[in-house]
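Here is what each chain is made of, one letter per residue.
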Amino acid sequence: MPEPRDTPAAARLAAARGLATVTHDGRVLDAWFPAPALGSAEALPADRLDEETGMDSRRNVRTELVTVEIDLDAAPASTPDAYLRLHVLSHLLARPNTINLDGIFAQLPTVLWTNAGPMDPEEFAVRRPVLQRAGIHPTGLDKFPRLTDYVAPADRVRIADASRVRLGAHLAPGTTVMHEGFVNFNAGTLGQAMIEGRISQGVVVGEGSDIGGGASVMGTLSGGGMHRVSIGERVLLGANAGIGISLGDDSIVEAGLYVTAGTKVRVLMPGETGPRSVKASELSGVPKLLFRRNSLDGGVEVLAREGGSTALNDALHA
């Protein structure tokens, strides 16, 4: 009898029909998918996107219909593939860090973004007078576009400055991103949250947490390591503070304090005979901690938090 073989796990598929912007020499600049879905392309409903195709002579690009089906566990293989992954995240079909984005930068061309859509940066330099007469102006030069140019988050999501949230950001219902807040791709919130600081790639913020003005959360792209920083529920990261470790539920980092993995921290806990010194990485993800700086000697201290949880202002998220 033949030897039994393991049955391979079913592929996690996503699919969508959309519109791709293509240059005169056939390079794909972007792709917009109004209704991405989990599953195969065979299940996609009919639409009328073919009526939106055509040439834009001002930008020297054409819009083409594309149908894309991808394996979320495989690496991105093309520009439309990469854009569909970003749409899946921003449509809240998958959480950050749950789909394969390996090599996505290589699949995304650098694009001159305009108020009329994407175009080749070299074409913009040649066509500037024509574009100016048509009222077309640049809004950015980057691989990633603004979230709101492709996805309009609903359900109590507010974004004060659209240029500060990239496509691929995951904004849960009730999220507010204030003017100086920033949310990168493959990052975002898992529940109602206030974002007044920076959320780097790979970082997730739990329900009821507040990232204070000017605060910064290190991601794997900036830190160079493999640890993915996460912020638990009901956490307060004070104004101009920063972290390179994960914060457990109900924790606080005082304003202006930056805690990296290697920061030496004095641990002041009930029941201990005296303070001990540890690296902050040993406290990563531990709940109910208060990180502060000693006002007399400048040392970083951590205490067990007492009292109630951090609470957002419900009126701001209603």
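Residues numbered from 1 in each chain as written. Predicted model: local features only at pLDDT ≥ 70, side-chain atom pairs only at ≥ 80, totals over all residues. Heavy atoms only, no water.

### A few points about the UniProt feature "binding site: succinyl-CoA" (unreviewed entry) in the protein chain
Alright, step 1. UniProt annotation of "binding site: succinyl-CoA" (unreviewed entry) refers to R198, G213, S216, A239, E254, A255, G262, K279, R292, R293, N294 and S295 when read in the numbering used here.
Alright, step 2. Following the sequence through the fold, R292 ends up in strand 26 (residues 289–293).
Alright, step 3. Not counting the four nearest positions on each side in its chain, R292 is found in contact with E254, L257, L268, G299, V300, E301 and L303. (UniProt positions renumbered as here; feature names shortened; annotations may be inferred. Helix = DSSP H or I, 4+ residues; strand = E, 2+ residues; numbered from the N terminus. Contact = heavy atoms within 4.5 Å.)

### Some remarks on the side chain of D56
Alright, step 1. The residue D56 is located in strand 4 (residues 54–56) in this model.
Alright, step 2. Here the side chain of D56 touches R58 through a polar contact of 3.0 Å, landing on its backbone nitrogen. (Polar contact = N/O pair within 3.5 Å; in protein donor to acceptor, adjacent residues only side chain to side chain.)

### Topic: helix 1 (residues 79–90)
Alright, step 1. Here helix 1 is 12 residues long and its end C-alpha atoms lie 17 Å apart, about the 16 Å a rise of 1.5 Å per residue gives.
Alright, step 2. Judged by how many residues are buried, helix 1 sits mostly within the fold: 12 of 12 residues are covered.
Alright, step 3. Listed in full, the buried residues belonging to helix 1 are T79, P80, D81, A82, Y83, L84, R85, L86, H87, V88, L89 and S90.
Alright, step 4. Close packing links the buried residues of helix 1 with strand 1 (13–23), strand 2 (28–32), strand 5 (61–71), helix 2 (104–107), strand 6 (111–114) and strand 10 (169–170).
Alright, step 5. With a side-chain oxygen positioned 3.2 Å from the backbone nitrogen of D81, the residue opening helix 1 is S78.
Alright, step 6. Positive backbone phi, approximately 65°, marks L92, located one or two places after helix 1. (Expected span 1.5 Å × (residues − 1). Buried < 20%, exposed > 50% of the residue type's maximum accessible area, 1.4 Å probe, protein only.)

### Let's talk about the sheet that holds strand 10
Alright, step 1. Read from one edge of the open sheet, four strands run 10-13-16-19, paired in parallel fashion. Taken across any chain shown, the strands that pair with only one partner, and hence form the sheet edges, are strand 10 and strand 19 (230–231).
Alright, step 2. The sheet contact formed by strand 16 (residues 204–205) and strand 19 spans two bridges and is parallel. Paired with V205 across the bridge in strand 19 is I231. (Pairing = 2+ DSSP bridges.)

### Focus: the sheet that holds strand 8 (residues 138–142)
Alright, step 1. The sheet built from three strands is open, its strands ordered 7-6-8 with antiparallel pairing. Taken across any chain shown, the strands that pair with only one partner, and hence form the sheet edges, are strand 7 (117–119) and strand 8. The average undirected angle you get between the axes of adjacent strands in this sheet is 25°.
Alright, step 2. The sheet contact formed by strand 6 and strand 8 spans four bridges and is antiparallel. Bridge pairing in strand 8 links W113 to G140.
Alright, step 3. Strands in contact with helix 3 (residues 121–133) are strand 6, strand 7 and strand 8; relative to strand 7, the strand with the most contacts, it is inclined by about 120°. (Axes fitted to C-alpha atoms, helices over the stretch in contact; angles between N-to-C directions.)

### Overview of the nonpolar core
Alright, step 1. Core analysis: the biggest nonpolar cluster contains 66 residues, and F33, Y83, V183, L237, I243, V253 and F291 have the highest contact counts within it.
Alright, step 2. Tallying contributions element by element places helix 1 first for this core, with six residues.
Alright, step 3. Here V183 is in contact with R164, V165, R166, A169, L171, V177, G188, I195 and I199, once residues within four sequence places are set aside. (Core = buried A, V, L, I, M, F, W, Y, C linked by side-chain atoms within 4.5 Å.)

### Brief notes about the environment of P80
Alright, step 1. By secondary structure assignment, the location of P80 is in helix 1.
Alright, step 2. For the pair P80 and L19, spaced 61 residues apart in sequence, the C-alpha separation works out to 9.3 Å.

### What about helix 3?
Because each turn of an α-helix spans 3.6 residues, side chains separated by three or four positions in sequence point in the same direction.
Alright, step 1. Compared with an ideal rise of 1.5 Å per residue, which puts 13 residues at 18 Å, helix 3 spans 18 Å between its outermost C-alpha atoms and is within 8% of the ideal.
Alright, step 2. Along helix 3, the largest kink reaches about 75° and is centred on R127; proline P129 follows within four residues of it.
Alright, step 3. Within the sequence span of helix 3, burial applies to E123, F124 and L131.
Alright, step 4. The N-terminus of helix 3 is capped by D120, whose side-chain oxygen sits 2.9 Å from the backbone nitrogen of E122.
Alright, step 5. Positioned one or two residues after helix 3, G135 has a phi angle of 75°, which is positive. (Bend = angle between axes of the 7 residues up to and from the residue.)

### With respect to the packing of aromatic side chains
Alright, step 1. Inspection of every chain in the model, using the stated rule, returns five aromatic pairs.
Alright, step 2. Aromatic pair F105 and F185: ring centres 5.9 Å apart, planes at 75°, arrangement edge-to-face. Residue F105 is located in helix 2, and its partner F185 is located in the loop between strand 12 (182–183) and strand 13 (187–189); the two are separated by 80 residues in the primary sequence.
Alright, step 3. Take F185: its relative accessible area is 3%, and that puts it in the buried class.
Alright, step 4. Summarising the aromatic geometry, the rings of W113 and Y150 are spaced 6.4 Å apart at their centres and angled 90° between planes, so their arrangement reads as edge-to-face. Within this pair, whereas W113 is found in strand 6, its partner Y150 is found in the loop between strand 8 and strand 9 (158–159), the two being separated by 37 residues in sequence. There is no split in this pair, since W113 and Y150 are both buried.
Alright, step 5. Linked through ring pairs, Y83, W113 and Y150 together constitute an aromatic cluster. (Phe/Tyr/Trp six-rings, centres within 6.5 Å; stacked < 30°, edge-to-face > 60°.)

### Describing unusual backbone geometry
Alright, step 1. In this model, N97 sits at a positive phi of 70°, which is unusual for a non-glycine residue.
Alright, step 2. On the secondary structure map, N97 appears in the loop between helix 1 and helix 2.
Alright, step 3. At K288, a residue that is not glycine, the phi angle is positive and equals roughly 55°.
Alright, step 4. Within the fold, K288 resides in the loop between strand 25 (276–279) and strand 26.

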